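Each chain, written out:
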Amino acid sequence: MPLIPVLCPYCGAGCRLGLRVEDGQAVGVEYLTDHPVAQGALCPKGNVAPEIIHHPDRLHRPLVRENGRFREADWDEALDRVARALSRVRQEHGPNALGFLASAKATNEENYLFQKMARLLGTNNVDHCARLCHAPSVVGLSRALGSGAMTNPIPDLAESRCILIVGSNFAENHPVVSRWVWEAKDRGAFVVVADPRYTPTAHMADLYLPLRSGTDVALLNGMAAAVLREGLADYAFIAARTEGLDELRAVLEEYSLERTAAITGLPPGDILRAARAYARSPASAIVYCMGVTQHTVGTDNVLACANLALLCGQVGRPGAGIFPLRGQNNVQGASDMGALAELLPGYVPVASEEGRRLLARLWGREDLPDAPGLSVVELMEAALEGRVRAMVVMGENPVVSDPATGDTVRALEGLEFLVVQDLFLTETARLAHVVLPAACWAEKAGSYTNTERRVQWSPKALEPPGEARPDLDIIGELGRRLGLWERAPGPEEVLTEINRAVPAYGGITPRRLIGASEGIFWPCPDLAHPGTPILHRERFNTPSGRGRFFPVAHRPPPEAPDARFPLWMTTGRVVVHYNSGSLSRRLPELAAYAPGVWVAVHPQDAERLGIRDGETVRVRSLRGEVEARVQVSEQVRPGLVFLPFHFPGVNALTLKELDRDARIPSYKVAACTLERVAAPAGEG
Ligand code: SF4
């Protein structure tokens, strides 16, 4: 019975699993102990990933909408409809009336070809969900360090002697990361967790900092100021490898322990203890996730992390680095491939003439658009206003995952044309005019780049169901019908083009990658290069080669509790679900643990509001409402409630105010109120 080593379709940890295939059916999973990150471990999602493959809800044939209802169609009819609709809208309203949502679940080759299609049609309106999770990492870390990516491999955490975890619940969201942090703890590492919620990750902490939501800049600045006051900064590193300390020092003067404590709600002694532990350890890591990035100050939060790391010389060595944990299995790769509205493949700004010239030569076209396109949230705004009239959505589910989803639904319903390619008839696909059935990860070959920058090839293990096709074939066929290229290319052919379009992938050729069981870390500029597990060892990738301090000041969130909406609200993930839940909510093994929306409420708030564990409440914000089962829990601070965002309706509550630099919405902070709906069965 063949054992095919495919990649897990869920998170950015990028675990590989052995798929047992018999008579064209996936019959089980085996653990691959030689995988460098997973070492044979898989989390609950990875364990049941094969259940998706033969799920009865999979789409088998294209669907076209007629008289308000879907009917099955053949591929020629469906693709012709799509090509005709996109051509008509482009001709009547111009290329910027088109919008494209790429996919962090699709391969590098699929995302590359997808953004190429958008740009050859004349628009940079191509974006994807990296905008909703780690766009501030791309912007902030690029500015400070010259590369917007994680600096060290995950197993390198075992070398750290202090790990500062800010706004990340990796114990649930990237579970295999935990094993490396536990290993560091076994070797004596001191773990600090800053999070408004006492999560399973906080359970690992030697020092837990329950800071107020939206006060990360104040905490990180307060720690940096304490480092300076205590003489713990690494002045040799600062002199040799950084610039801009004087500007930072001026801003940090405002962050006494007392002021930091007043903003964050933390004891001054704990802030000082965290600062000392981070600065004094021989190798310290900062691990962060969406608790840091999903704010209107997301970029400032990332810059504050970089400032602290540079100040203490804690970057560019084993165990010393910055670890932004990317969400989906290929969100790093989709960003590398240029599926972002302002960036071409390889993070070249669309305004760069030189960058456009390189692609123009490769693509045989001179007139590539030079103005930044619309980001995810802006695309929906433009659709609401009639500026965007047709949209192509590859494997994303914005009806569940966008902020203020009431507006998203209205935007998509108002489009002249919407095509969705996906595995299932998702909440977004239900609004489409044409739905194209896509192959899942195990039914196609291609490369993925995990959160570490590790590029890995995943082979095709079995055939897709019915007439479903890989996204690469769908884009290839659509592009051919639109006159963009002569034939649909295969994955190896596209990766060969990526080798020329993205310098950091120059040496990651199909031949080399397919045989590399541990993958290859970018940057890997040529065939002789071994890849780069640790960034910034000798120089930063900035124009001067130095790391740059960017002073940032605390700014309060755009919305705060008031008399009408008296509670802070935040959202996040749980171990058994993934993002919009389009995969995980369909699997009974996972859904059984978390079948619907709940809201975690502190016992003091529950008592004050007269609500009990298990009863149903209506959670309302200025933008919408959702019903949720109450979970009375001391995991949240008094005055704060938490909801998992995997379920339809939760994001109806969230804010779409954007970070001005990275254009990520402020998911993590909103004001809300709870209203009783019904008591649990058997109670009054
Ligand atoms: Fe899959 Fe992530 Fe779980 Fe690994 S940790 S098995 S990549 S979901």
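Each value, and the rule that gives it
- Within each chain, residue numbers correspond to sequence positions counted from 1 in written order.
- In view of the model being predicted, local features appear only for residues whose pLDDT reaches at least 70, and side-chain atom pairs are presented and counted only at 80 or more, with totals across whole chains, interfaces and linings using the full set of residues.
- To obtain the side-chain values, all non-hydrogen atoms of the structure were used and water was disregarded.
- Axes here mean lines fitted to C-alpha atoms, for a helix over just the part in contact, with angles spanning 0 to 180 degrees between N-to-C directions.
- Secondary structure elements are taken from DSSP: a helix is a run of H or I of four residues or more, a strand is a run of E of two residues or more, and numbering for both begins at the N terminus.
- When describing relative orientation, an angle under 35 degrees is termed roughly parallel and one over 145 degrees roughly antiparallel, while 65 to 115 degrees is termed roughly perpendicular and anything else oblique.
- Put simply, a crossing is left-handed when the front helix is turned counterclockwise from the back one by less than a right angle, and right-handed when it is turned clockwise.
- Contacts are assigned to residue pairs with any non-hydrogen atoms lying within 4.5 Å of each other.
- In this count, Pro and Cys sit with the nonpolar residues alongside Ala, Val, Leu, Ile, Met, Phe, Trp and Tyr, while Asp, Glu, Lys and Arg are called charged and the others, Gly among them, polar.
- Type-normalised accessible area, obtained with a 1.4 Å probe on protein chains alone, sets the label of each residue: buried when under 20%, exposed when over 50%, and partly exposed for intermediate values.
- Within this document, salt bridges are pairs made up of a side-chain nitrogen of Lys or Arg and a carboxyl oxygen of Asp or Glu, the two lying within 4 Å of each other.
- Here a strand pair is declared whenever DSSP counts at least two bridges between the two strands.
- Throughout, the arc means the angular range of directions from the helix axis out to the C-beta atoms.
- Proximity is defined per residue: if any heavy atom of the residue lies within 4 Å of a molecule or strand, that residue is considered near it.
- Every helix has an expected span of 1.5 Å times one less than the residues it contains.
- Joining through side-chain atoms within 4.5 Å is the link that ties buried Ala, Val, Leu, Ile, Met, Phe, Trp, Tyr and Cys residues into a set, and such a set is a nonpolar core.

Asker: Lay out the packing of helix α8 (residues 216–229) against helix α14 (residues 298–311) with the relevant residues and their values.
Answerer: For the pair α8 and α14, interaxial distance at closest approach is 9 Å and the crossing angle is 15°. Between α8 and α14, the angle falls in the class roughly parallel. The chirality of how α8 crosses α14 is left-handed. When α8 is examined against α14, the residues D216, V217, L220, N221, M223, A224, V227 and L228 are found in contact with a partner set consisting of D300, N301, A304, C305, L308 and L311. When its residues are assigned to classes, the contact of α8 with α14 shows 10 nonpolar, 2 polar and 2 charged.

Asker: Could you give an account of unusual backbone geometry, with specific residues and numbers?
Answerer: W522 connects to P523 through a cis peptide bond whose omega is 0°. One can find P523 in the loop between β21 (520–521) and β22 (547–548). Despite not being glycine, Q39 shows a phi value in the positive range, around 45°. One can find Q39 in the loop between β3 (25–31) and α1 (44–47). Backbone geometry at H536 places phi at a positive 60°, although glycine is not the residue there. Within the fold, H536 resides in the loop between β21 and β22. A residue is classified by how much of its surface remains accessible, and H536, at 6% relative accessible area, is buried.

Asker: Can you explain the pattern of salt bridges? Please cite residues and give values.
Answerer: Close approach of charged atoms allows side chains of opposite charge to pair. Counted according to the given criterion, the structure contains 45 salt bridges. Between D80 and R481 there is a salt bridge, and its shortest N-O distance comes to 2.8 Å. Linking D80 in helix α2 (residues 75–93) with R481 in helix α20 (residues 471–481), this pair joins segments that are 401 residues apart in sequence. Since its relative accessible area comes to 31%, D80 is described here as partly exposed. Note that D407 is salt-bridged to R410, the shortest N-O span being 2.4 Å. One end of the pair is D407 and the other is R410, both in helix α19 (residues 405–413) and 3 residues apart, which spans about a single turn. Taking relative accessible area as the criterion, D407 reaches 21% and is therefore assigned partly exposed. Owing to a relative accessible area of 48%, R410 belongs among the partly exposed residues under this scheme.

Asker: Could you give an account of the sheet that holds strand β2 (residues 16–22), with specific residues and numbers?
Answerer: In space, the 3 strands of this open sheet follow the order β1-β2-β3, with antiparallel pairing throughout. The outermost strands of the open sheet, each flanked by one partner alone, are β1 (3–7) and β3. Each strand axis lies, on average, 40° off the axis of its neighbour in the sheet, ignoring direction. Across 6 bridges, the pairing between β2 and β3 is antiparallel.

Asker: Explain the environment of T215 to me, and be specific about the residues and the numbers.
Answerer: On the secondary structure map, T215 appears in the loop between β10 (207–209) and α8. We classify T215 as buried; its relative accessible area is 5%. Taking the C-alpha atoms as reference points, T215 and V297, 82 residues apart in sequence, are found 9.7 Å from one another. The contacts of T215, once residues within four sequence positions are left out, are I263, T264 and H554.

Asker: I'd like a rundown of the sheet that holds strand β6 (residues 98–101), residues and numbers included.
Answerer: On the basis of which strands lie adjacent, the open sheet formed by 7 strands has the order β5-β4-β18-β17-β16-β6-β7 and mixed pairing. The two strands at the open ends of the sheet, each matched to only one other strand, are β5 (69–72) and β7 (126–127). Direction of pairing for β6 relative to strand β16 (residues 390–394): parallel, over a ladder of 4 bridges. Opposite F100, over in β16, you have V392 as the bridge partner. Where α20 meets the sheet, it contacts β16, β17 (417–422) and β18 (434–437), and its direction lies at approximately 145° from that of β17.

Asker: I'd like to hear about helix α16 (residues 353–363), residue by residue, with values.
Answerer: When α16 is considered as a whole, its buried residues turn out to be G355, R356, L359, A360 and W363. Within α16, the buried residues cover an arc of 135° as seen down the axis, which keeps them to one side. In α16, those exposed residues whose orientation departs by more than 90 degrees from the buried face are E353, E354 and R361. Elements that come into contact with the buried residues of α16 comprise α3 (108–120), β14 (343–344), β15 (348–349) and α21 (491–501). Just downstream of α16, G364 is the residue with a positive phi angle, here 70°.

Asker: Outline the site of the ligand, supporting the account with residue identities and numerical values.
Answerer: Looking at the ligand, the residues that line it are C8, Y10, C11, G14, C15, L42, C43, K45, G46, P175 and V176. Only α1 and α7 (175–186) provide two or more residues apiece to the shell around the ligand. Residue composition of the shell around the ligand, grouped by class: 8 nonpolar, 2 polar and 1 charged.

Asker: Now, about the side chain of S137: what can you tell me, with residues and values included?
Answerer: Following the sequence through the fold, S137 ends up in helix α5 (residues 135–145). For S137, the residues in contact, after removing those within four places along its chain, are S142, G148, Y288, T293, V302 and P324.

Asker: How would you sum up α14? Please name residues and give values.
Answerer: Helix length check: α14 (14 residues) gives 20 Å between terminal C-alpha atoms against 20 Å at 1.5 Å per residue, within 8%. At the exit of α14 stands G313, carrying a positive phi of roughly 65°.

Asker: Please set out the environment of V27 residue by residue, giving values where relevant.
Answerer: Take V27: it is sitting in strand β3. Judged by relative accessible area, which is 47%, V27 ranks as partly exposed. Along the sequence, V27 and H54 sit 27 residues apart, while their C-alpha atoms lie 9.9 Å from each other. Other than its neighbours up to four places away in sequence, V27 contacts M1, R20 and E22.

Asker: Tell me about the nonpolar core, and please be specific about residues and values.
Answerer: Grouped together as the largest cluster of nonpolar side chains are 171 residues, with contacts concentrated most on L19, M117, V599, V619 and L643. Sorting elements by how many residues they give to this core places α2 first, with 8 residues. With residues near it in sequence (within four places) discarded, L19 still touches P2, L3, I4, V6, A26, G28, P50, I53, A442, A461 and L462. If you look at the next biggest cluster of nonpolar residues, it comprises 58 residues, including L141, C162, A224 and I263.

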